[in-house]
Amino acid sequence: LRYAASKGLAVVIMEPILGGRLAEPPEPVQQIWDGAPVKRTPASWALNWLWDQPEVSVVLSGMSTMQHVTENVESAGQSGIASMSREELDLYDTVRAKYQELCPIPCTNCKYCLPCTVDLDIPRLFAMLNQGVMYNRLEDAARRYQRMDDEKKATACIACRQCEEKCPQSIPISEWMVHVHEILEEGKDLEACVFPV
């Protein structure tokens, strides 16, 4: 974002609410927003953070109802560059930390684990589970996973562990592959699968 702006490029933000996932946060995150001194919807918190950034030129937010249009216009009218207080900005750090706490696999999508010996997209598989858990959309994640070809699913992992040698987060990838499949394909409870990493 900052690099593009430093080159004089206009920056257009697409999917500012992550396809609606930030509009319906998990309960622990919603509790943080509810405790804020300024009351906003979770979607407004997401949009306001973007509008607060001087490098952002345009925010494209998908709206499917008139209520979304009304809320977005109202939120935009109350926002602007550097319009948020330090206390409000600190709240984003708290929310970010809570999402990370809710994230079962500490994958940062660095892609150092790739290429995979059997051509699995390891970060994508991890992101499916992580996003399903963090955004209370595990059923959606399971549906996406179940539509994948078998050779792209986590069960195709041959546990060669070459990816684990390259992972800067020291994630036991081959073990998590088993859990990704158990949860997203077999419907196993996440809590029964979580183990220290």
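Residues numbered from 1 in each chain as written. Predicted model: local features only at pLDDT ≥ 70, side-chain atom pairs only at ≥ 80, totals over all residues. Heavy atoms only, no water.

Per the stated rule, a full pass over the model turns up 4 aromatic pairs. Arranged with centres 5.7 Å apart and planes meeting at 75°, the rings of W45 and Y92 form a pair that is edge-to-face. With W45 in helix α3 (residues 42-51) and Y92 in helix α5 (residues 86-102), this pair connects stretches of sequence that are 47 residues apart. Assigned by exposure class, W45 and Y92 land together as buried. (Phe/Tyr/Trp six-rings, centres within 6.5 Å; stacked < 30°, edge-to-face > 60°. Helix = DSSP H or I, 4+ residues; strand = E, 2+ residues; numbered from the N terminus. Buried < 20%, exposed > 50% of the residue type's maximum accessible area, 1.4 Å probe, protein only.)

With that out of the way, let us pick up the packing of helix α6 (residues 122-134) against helix α7 (residues 138-146). A pair of packed helices is captured by two measures, namely the crossing angle of their axes and the spacing between those axes. Between α6 and α7, the least distance of the axes is 7 Å, while the angle of their chain directions is 155°. Taken together, the axes of α6 and α7 are roughly antiparallel relative to one another. Here L125, M128, L129, G132 and V133 of α6 come into contact with α7, specifically with L138, A141, R144 and Y145. Residues belonging to the contact of α6 with α7 are distributed by class as follows: 7 nonpolar, 1 polar and 1 charged. (Axes fitted to C-alpha atoms, helices over the stretch in contact; angles between N-to-C directions. Parallel < 35°, antiparallel > 145°, perpendicular 65-115°, else oblique. Contact = heavy atoms within 4.5 Å. Nonpolar A, V, L, I, M, F, W, Y, C, P; charged D, E, K, R; others polar.)

The peptide bond linking L114 to P115 adopts the cis configuration, its omega dihedral lying at 0°. Counting through the fold element by element, P115 comes out in the loop between α5 and α6. Despite not being glycine, E15 shows a phi value in the positive range, around 55°. Mapped onto the elements of the fold, E15 is located in the loop between β1 (11-14) and α2 (27-34). At K111, a residue that is not glycine, the phi angle is positive and equals roughly 70°. Following the sequence through the fold, K111 ends up in the loop between α5 and α6.

All right, on to a nonpolar patch on the surface then. A surface patch of nonpolar side chains, about 370 Å² in accessible area, is lined by V12, M14, V58 and L60. Elements with a contribution of two residues or more to the nonpolar patch: β1 and β2 (56-60). Tracing the backbone through its elements, the reader meets L60 in strand β2. Since its relative accessible area comes to 43%, L60 is described here as partly exposed. (Patch = residues over 30% accessible without salt bridge, like charges linked within 9 Å, V, L, I, M, F, W, Y side chains within 5 Å. Areas by Shrake-Rupley, 256 points an atom, 1.4 Å probe, with all protein chains shown as cover. Salt bridge = Lys/Arg side-chain N within 4 Å of Asp/Glu carboxyl O.)

Turning next to the state of the cysteines. Evaluation of the coordinates by the stated rule reveals 0 disulfides. Free cysteine: C103, not disulfide-bonded; nearest cysteine sulfur from C107 at 8.0 Å. Its sulfur unpaired, C157 is 6.2 Å from the next cysteine sulfur, which belongs to C163. (Disulfide = S-S within 2.5 Å.)

So, about the pattern of salt bridges. Where side chains of opposite charge bring their charged atoms close, a pairing between them can arise. By the definition in use, this model includes 12 salt bridges. The residue R137 makes a salt bridge to E24 at a minimum N-O spacing of 3.3 Å. Here the residue R137 occupies a position in the loop between α6 and α7, and E24 occupies one in the loop between β1 and α2, the gap between them amounting to 113 residues. Two residues, E164 and R161, come together in a salt bridge whose shortest N-O distance is 3.2 Å. On the basis of relative accessible area, E164 is assigned to the buried category, the value being 18%. Here the salt bridges share partners, and the residues they tie into one network are D150, K153 and E185.

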